[in-house]
Amino acid sequence: MSFFDKHVFICCNQRDACQDCCNNHGSSELLGYMKDKVKALGLAGEGKIRVNKAGCLGRCDDGPVMVVYPEETWYTFVDKDDIDEIVREHMVHGRVVERLKL
């Protein structure tokens, strides 16, 4: 059995100024927002959900991106509303958010 029910990795990679990357789209700020949201809902911790910062996940053209394990579900997102929807639908109700899925 896994230590966490779900493990979320959000790319916060920062490339040189001339190269596109997830962090250029606010992924670090949205990582903090998602971590706070998961904690506030009582979803964080052992046997629950862990949200982590990740380096490059190799999908820069789709960024910003996150991947949720163990489902191996990849998402793109642009704002707090998208994060709220992913938390509500996927983390709480176990339903993939098709409109944000990569």
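None of these values were measured; they are calculated from a predicted model.

The rules behind these values
Residues numbered from 1 in each chain as written. Predicted model: local features only at pLDDT ≥ 70, side-chain atom pairs only at ≥ 80, totals over all residues. Heavy atoms only, no water. Axes fitted to C-alpha atoms, helices over the stretch in contact; angles between N-to-C directions. Helix = DSSP H or I, 4+ residues; strand = E, 2+ residues; numbered from the N terminus. Parallel < 35°, antiparallel > 145°, perpendicular 65-115°, else oblique. Left-handed = near helix turned anticlockwise from the far one by under 90°. Contact = heavy atoms within 4.5 Å. Nonpolar A, V, L, I, M, F, W, Y, C, P; charged D, E, K, R; others polar. Core = buried A, V, L, I, M, F, W, Y, C linked by side-chain atoms within 4.5 Å. Buried < 20%, exposed > 50% of the residue type's maximum accessible area, 1.4 Å probe, protein only. Polar contact = N/O pair within 3.5 Å; in protein donor to acceptor, adjacent residues only side chain to side chain.

A. Quick look at the packing of helix H1 (residues 27-40) against helix H2 (residues 80-92). H2 packs onto H1 with a crossing angle of 40 degrees between their chain directions and a minimal axis gap of 10 Å. The orientation of H1 relative to H2 falls into the category oblique. Between H1 and H2 the crossing geometry is right-handed. Residue-level inspection shows Glu29, Leu30, Tyr33, Met34, Lys37 and Val38 of H1 in contact with H2, the latter providing Lys80, Ile83, Asp84, Ile86, Val87 and Met91. Grouping the constituent residues of the contact of H1 with H2 by class yields eight nonpolar, no polar and four charged.

B. Layout of the nonpolar core. Residues Val8, Ile10, Met34, Val51, Met66, Ile86 and Met91 are the most contacted members of the largest nonpolar core, which totals 20 residues. Taken together, the elements giving at least two residues each to this core come down to strand E1 (6-11), H1, strand E2 (49-54), strand E3 (65-69) and H2. Those residues in contact with valine 8 that sit more than four places away from it in its chain are Met34, Ile49, Arg50, Val51, Asn52, Met66, Val67, Val68 and Met91.

C. Expanded view of the environment of asparagine 24. You can see asparagine 24 is positioned in the loop between E1 and H1. Overall, the relative accessible area of 39% leaves asparagine 24 in the partly exposed class. Between the alpha carbons of asparagine 24 and glycine 63 there is a distance of 9.1 Å; along the sequence they are 39 residues apart. Non-local contacts of asparagine 24, meaning those with residues more than four positions away in its chain, are made with Gln14 and Gln19. Of note is the side chain of asparagine 24, whose polar atom sits 2.9 Å from the side chain of glutamine 14.

In short, geometric facts, not functional conclusions.
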